[in-house]
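# Summary of the model geometry
Chain residues, written in single-letter form:
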Amino acid sequence: ALANCNEVQTELNCDFYRQCLEHKTQCGESGYAISYGEKYCHRFLKFNTNSEAGKLSLSEKGLQWRDATLLCLQNRMTPLFQIAFDYSCSDIKKTAFNTHPDCYTQAHHSICELNISDWEAILSILNPKDLSSKDGLRQMTKVMHTCTKSIFSQKGQFSHLKNEWA
């Protein structure tokens, strides 16, 4: 069944990227929808709690984060289908990357709250060149900033440091 592009995505699958985003934008195999969105969607969906030996797995909390994040990333793009407007391929990429940090750090499902083995698993599937690209670094910096802020606001005993870090 074709993904319903302008409605809230509720199913955990990766159809949205090819059937909606790529269908609308025609940016090709190297465009964001296929080379980034779909690629990482499939990689993340392969995770389960007990991956085979040697493969890193996500904890239960890590999987909940993954599910919430995958849906968030797709749903932050659905407004593109509610307006009759053509976006360029670079617009799509920019818009998508801007949604990443917010989706990674949602309330109750934040990457900041995952344990170190979850972080290792997540980092293990990212291509170094995607991570070190300008967009990749910018989103990582934003995530780190959000995590640092949340750590300091949660820990009352750090309150005396807050002013120095503001």
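The sections below set out a description of the structure shown in this document. (Residues numbered from 1 in each chain as written. Predicted model: local features only at pLDDT ≥ 70, side-chain atom pairs only at ≥ 80, totals over all residues. Heavy atoms only, no water.)

## Comments concerning the nonpolar core
Of all hydrophobic cores here, the largest spans 37 residues; its most connected members are L21, Y32, F44 and I111. A per-element tally of this core places helix α2 (residues 32-45) first, with 6 residues. (Core = buried A, V, L, I, M, F, W, Y, C linked by side-chain atoms within 4.5 Å. Buried < 20%, exposed > 50% of the residue type's maximum accessible area, 1.4 Å probe, protein only. Helix = DSSP H or I, 4+ residues; strand = E, 2+ residues; numbered from the N terminus.)

## Some words on the packing of α2 against helix α3 (residues 60-75)
As a packed pair, α2 and α3 sit with axes 11 Å apart at the nearest point and diverge in direction by 160 degrees. Considering their axes alone, α2 and α3 lie roughly antiparallel with respect to each other. Classified by chirality, the crossing of α3 by α2 is left-handed. Where α2 approaches α3, its residues C41, F44 and L45 are matched on the opposing element by W65, R66, L70 and Q74. Looking at the contact of α2 with α3, its residues break down into 5 nonpolar, 1 polar and 1 charged. (Axes fitted to C-alpha atoms, helices over the stretch in contact; angles between N-to-C directions. Parallel < 35°, antiparallel > 145°, perpendicular 65-115°, else oblique. Left-handed = near helix turned anticlockwise from the far one by under 90°. Contact = heavy atoms within 4.5 Å. Nonpolar A, V, L, I, M, F, W, Y, C, P; charged D, E, K, R; others polar.)

## Concerning the state of the cysteines
According to the stated counting rule, one finds 5 disulfides in the structure shown. Across the disulfide from C5 sits C20; the S-S distance is 2.1 Å. Measuring the twist about the S-S bond at about -85 degrees, one finds the C5-C20 disulfide to be left-handed. Here C5 is found in the segment before α1 (15-25), whereas its partner C20 is found in helix α1, with 15 residues between them in sequence. Comparing C5 with C20, the two get one shared label, buried. (Disulfide = S-S within 2.5 Å.)

## Points about the side chain of D135
If you trace the backbone, D135 turns up in helix α7 (residues 134-154). The residues contacting D135, other than those within four sequence positions of it, are K93 and F97.

## Quick look at the side chain of S110
Mapped onto the secondary structure, S110 falls in strand β2 (residues 109-110). From its side chain, S110 meets the backbone nitrogen of C112 in a polar contact 3.1 Å long. Residues within four places of S110 in sequence aside, it is in contact with W65, Y104 and T105. (Polar contact = N/O pair within 3.5 Å; in protein donor to acceptor, adjacent residues only side chain to side chain.)

## Section: the packing of aromatic side chains
Ring pairs (aromatic) are described by centroid distance and by the angle formed between their planes. Tallied over the full model, the rule gives 8 aromatic pairs. Here W65 and Y104 contribute two aromatic rings whose centre-to-centre distance is 6.2 Å and whose plane-to-plane angle is 50 degrees, an arrangement assigned as tilted. Of this pair, W65 sits in helix α3 while Y104 sits in helix α4 (residues 89-104), placing them 39 residues apart in sequence. Taking relative accessible area as the criterion, W65 reaches 3% and is therefore assigned buried. (Phe/Tyr/Trp six-rings, centres within 6.5 Å; stacked < 30°, edge-to-face > 60°.)

## Considering α1
Looking at α1, one finds that the buried residues are F16, Y17, C20, L21, E22 and T25. In this structure, the buried side of α1 is in contact with α2, α3 and α4.

## Here's the deal with a nonpolar patch on the surface
A contiguous nonpolar surface patch, about 240 Å² in accessible area, is contributed by L137, M140 and M144. Tracing the backbone shows M140 in helix α7. Accessibility expressed as a relative area gives 31% for M140, which makes it partly exposed. (Patch = residues over 30% accessible without salt bridge, like charges linked within 9 Å, V, L, I, M, F, W, Y side chains within 5 Å. Areas by Shrake-Rupley, 256 points an atom, 1.4 Å probe, with all protein chains shown as cover. Salt bridge = Lys/Arg side-chain N within 4 Å of Asp/Glu carboxyl O.)

## Let's talk about unusual backbone geometry
With a phi close to 50 degrees, Q26 is a non-glycine residue in the positive phi region. Its location among the elements puts Q26 in the loop between α1 and α2. Of note in this structure, H108 is not a glycine but carries a positive phi near 70 degrees. Structurally, H108 can be placed in the loop between β1 (105-106) and β2.

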